[in-house]
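# Structure assessment
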Amino acid sequence: MSPFLRTRRRSRYAAPPDRLAVLATALEERKVATADARRVVEAHLERPGDDVVWLALSVLSGVLPGAETVIETRRAARFAGPEHVYEVAARLRRDGHSAASIEVVSGPVIDVEHLARTSLGTGIQRVTRETLRRWVTDREVRAVGWHADYRAMRPLTRAELARALEEGPGEPKAGSTGSPVRGRRVVVPWKATYVLPEVVLEEDRTRRIEALLRFSRSRGAAIGFDTVPLTSAETAADDVPPRFILELAALRHAHRIATISAAAAHEYEGWRTMVRSTGLDGPQIRAIPLAVEAVIPSTEALAEAAARYCVPSLPLVLCVGSHEPRKNHLAVLHAAERLWRDGYEFSLLFVGGNAWKSEDFTDRLADLAGAGRPVESVLGLSDRLLWALYALARCTVFPSLNEGFGLPVAESLASGTPVVTSNFGSTLEIAEGGGALTVDPRDDAAITRALGALLTDDALHHELTEQARARATRTWDQYADEAWDYLVATNVGPVGQDG
Amino acid sequence: MAEAVSWGATADPAHVDEVRRTAERGQVATLAQRLRSTALVLLADVPAQDADAARDAAALLPLLAGHVRTAPASDLWLVLTAVVGAYPDASELARIRRAVELATDRIDVELLLLEHARRVSLRRDLPPMEMEVVTDAVVVETDFSARNDKQTGIQRVTRRVCSLWSERHPLVLVAWAPGHVGHRRLTARETHRVLRHGEPWSDDDAAGDAPPRLCVPWRSTLVLTEVPPSDGAMALSALAESSGTSVVAVGYDAIPVTGIDMRPLGDATTFVRYLSVLKHARTVAAISASSAAEFRGFSSALAAQGLAGPDVVEVQLATEVASVQPAEVGARPVVLCLGSHEPHKNHLALLHVAEALWRDGLDFELHFVGGPGWDMRAYEQAVDHLVRDGRPLVDHGVLPDDRMWSLAAAATVTVFPSLHEGFGLPVVESLACGTPVITTDYGSTREVAGSGGCLLVDPRDDAQLEDALRRALTDDALLGRLRAEAATFRQRPWKAYADELWDVLVEPRGEQ
């Protein structure tokens, strides 16, 4: 006889008393003694709504259910009674690891699963990290991740949180990839404020977040980075758009999205217009632009970067970002080649990783380098040397076709280095603060002219440098405060069953 | 020259040389033909045709190579299509455009065009095809409707529109050529399937059909009444962006984006590729106000990438429900639900509500008409359970239109609580048969319900659905009023739809 069958028989009609007590306490919002718990719970499970069924399944099973399971259970329970809810909970528990402890949590719950699990050094992770770092310092928040099976959320330990907030790329974080089966702790948000400051591409996690946003009587909030997989799908690998769009389907039930630029807000507003055809209001959307804090490079970093990456006597043109087609680096190579042929003297340095469909870029760069052009591509550069390069460059170039924010534009300008960038969207927003030449990135000739002007027109270069240096700085403290205010502090109001 | 064009021949161990020679001859001949048809469109002076295909190609290529050095990007698009025998995608077009710009002379351009063709032929299977350039034409892509007999909503629109347009305007009907290299004209059989669907076809299926040739629109209007096959989408996106031909489309719904939680995730992959085409389209004619809002939302989001996006116009769809005799039914009231069994159609809610009312002692039959959809498990389980309990529930599966409509005419009420519809045809079908409908209180179903005869409910709220169905089955005064309203329902005729669609999609072509 397998232990599995014994468990099922025993649990079929007997929801664990301690769990019933947790559930009853959450439903009543007062301490309910274990002895009274079953009676109290069953009163709530008489013709329950989806929200009560969601909470009951979550607490009794230690697994966050998907929306279909909740609705199906609610319907069946109407005719079969509370027993049916216990039975479904037992089935959910049986399918996975059972939780050792359940904690029903109200107040702000911040879901930072990716940051806790691995560190990729991406722009998204930087935003999540800088924001969370400030929130955990001044505010009462619960930082949570997910169990490895993506069936339930778990609290991050103090040590895990500290590691998540560490800077820089690295290996998967020790101790966070596998969660212990024994002593599995589960967090269930209820009447909470659930904040998602990262992008979710795991289907199982997304479906559970959707049900959470619909049924947990919580206020939902997220940071919106961009809608590239929806609106520029031709620039994304095939497996990304469906998962991203599933995440958007979950976010239909959130209350607020803080986008990282006005351009991204425009994208999310367009999506929200689409959503309204499904009879849902969709979240409120507000642009809270990202912060950029320049790092002043040390003398040593400057010397090291100059020795390694600069060609003596040649001005440096810097291009930062991964080499996916959306970043338009082939246009940069083309513009550079036109200028070299016309006798302009400069070196060109790309800093960024290879990405989906970057082969054309790699080939073309190899052709030009092989023909003796001073061009190079560097992978995985440290932040320390990157900031030194921003300072050393004559100018940077960032003619992206679609960006949520355009961090390299902001970083270059914060370093006092002029930029050639795109004349629309988030890059235009950043450029409007001064120090940039904006061009139509689909027009190679325009990129070539702007780059040529920055290389040879010293008066122009000087003026743009002055503008860049005079720009108002925006700090991460400001960003984190504004994001908190919008996503958490003022994100209040009635939460209906269908959110 | 002959050596330069010897790409793509597949070797047969038994007759390697001969097969290669034949293949090369075929490829050289089709290349020469494609270059010539392109030269006739792009060049003022085209030399007389040389009887030898290789020599003819060798005479034409330098002229076209010289031309693209100074011509607009659209001309390069056409020349690449001719040289390769396939539409280019955006990255190919950009790469060659830049290479042409850096080329030192005309010969350089010739070589890079040939090298490009060779590279593409290593990657893709390119059948040797001739090519026809259609200029200033109205070209309608009817790929699925031409190849398949299936007739669901989209094929019905495609066929009715093409058929009505073809009575008054010259049209070029195209499908995708093998390997999705580009468009081709329809065969006689396919044309019959699109223009005269349902009428008998007596000819031999392949009689008189020449081997397929590319049919390339040039300074034309390309109309998409279907969602194009995914494999053609990237080429179509480049065509819409760079070829000088305007792409216009009928927009149905964006369920793969807004309701993907209830659809297979793969739907989203296909749909976002379609959106990559639409972002460069001139106009989208959406089938309802609700559908227009979806496409407008997408279009407005494109500002973030510096694109204007398509103009989105509502052109409300037509329907054609014939009046039929009500079916013979028993004494019990009939509740009817039309539509395939997809999760987003929300049939599980109806089954639940019906069970609740049966348990309360209401006496009625529940009938479903519709084909299997994606993920039927929960639906089948619920039906099995109710049938086992002896509930009067009938699933007819797919029925011919007239039988479905006669059932609709006989029903007390139809229920269509879909979570999302581009149009909501079953609501129209029911009202046109004089039968009241309980349906969703937002989106396109709400639009159709505007003329009366409907009870509107929030489809995510079982209690509202249950209340509405109970009232329909028990409140005779209410039912009488709804029936009277339904009796005044007027359908929009196909001709009105086709005419308006032409005006919106095709007519502005002179204004570019």
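In this text the structure is predicted, and so the values were computed from the model without any measurement. (Residues numbered from 1 in each chain as written. Chains lettered and ligands numbered in written order. Predicted model: local features only at pLDDT ≥ 70, side-chain atom pairs only at ≥ 80, totals over all residues. Heavy atoms only, no water.)

### Thoughts on the domain arrangement of chain A
Residue and element names in this part refer to chain A. When its domains are assigned, chain A resolves into domain 1 (3–96), domain 2 (104–291 + 480–489) and domain 3 (299–471). Relative placement of domain 2 and domain 3: their C-alpha centres are 31 Å apart. Taken together, the contact between domain 2 and domain 3 spans 18 residues of the former and 12 residues of the latter. Interface area, domain 2 with domain 3, both sides summed: about 1,200 Å², of which 56% is carbon and sulfur. The largest per-residue losses of area from domain 2 upon contact with domain 3 belong to Arg 126, Thr 235 and Ala 263, which jointly make up 35% of the total buried on that side. Put simply, domain 2 and domain 3 have 2 salt bridges between them. (Domains from an automatic or database assignment. Contact = heavy atoms within 4.5 Å. Buried area = accessible area lost by both parts, 1.4 Å probe. Salt bridge = Lys/Arg side-chain N within 4 Å of Asp/Glu carboxyl O.)

### Some words on the interface of chain B and chain A
Counting from both sides, the interface comprises 49 residues of chain B and, opposite them, 48 residues of chain A. For the pair chain B and chain A, the two sides together bury roughly 4,300 Å², of which 55% comes from carbon and sulfur. Our count for the contact surface shared by chain B and chain A stands at 9 salt bridges. Here chain B and chain A share 23 residue pairs in polar contact (both at pLDDT 80 or more) between them. If you list the elements that add at least two residues to the side of chain B that touches chain A, you get α4 (90–102), α9 (233–242), α10 (255–258), α11 (266–278), α12 (289–301), α13 (347–359) and α18 (462–474) of chain B. Among the elements that take part in the side of chain B that touches chain A, α12(B) stands out by supplying 7 residues, more than any other. Its residues assigned to classes, the side of chain B that touches chain A comprises 22 nonpolar, 13 polar and 14 charged. (Polar contact = N/O pair within 3.5 Å; in protein donor to acceptor, adjacent residues only side chain to side chain. Helix = DSSP H or I, 4+ residues; strand = E, 2+ residues; numbered from the N terminus. Nonpolar A, V, L, I, M, F, W, Y, C, P; charged D, E, K, R; others polar.)

### Details of empty space enclosed by the protein
Rolled over the atoms, a probe with the dimensions of a water molecule shows which regions are left empty. Taken as a whole and assessed by the stated rule, the structure comprises 4 cavities of 30 Å³ or more. For the largest cavity, the calculated volume is near 50 Å³. What lines the largest cavity is simply Ser277(A), Ser290(B), Ser418(B), Leu419(B), His420(B), Glu421(B), Thr440(B), Tyr442(B), Gly443(B), Ser444(B) and Thr445(B). Among the elements that make up the lining of the largest cavity, the one with the highest residue count is helix α17 (residues 443–449) of chain B (3 residues). Per-class residue counts for the lining of the largest cavity are 2 nonpolar, 8 polar and 1 charged. A volume near 50 Å³ is recorded for the second largest cavity. As for the second largest cavity, its lining consists of Leu164(B), Trp165(B), Glu167(B), Arg168(B), His169(B), Lys495(B), Ala498(B) and Asp499(B). Per-element tally for the lining of the second largest cavity: the top contributor is helix α7 (residues 153–168) of chain B, with 4 residues. (1 Å grid on protein atoms, 1.4 Å probe; cavity = no way out; pocket = protein on both sides within 12 Å on 5 of 7 lines; lining within 4 Å. Points joined across faces, edges and corners; volume = space filled by probe spheres on them.)

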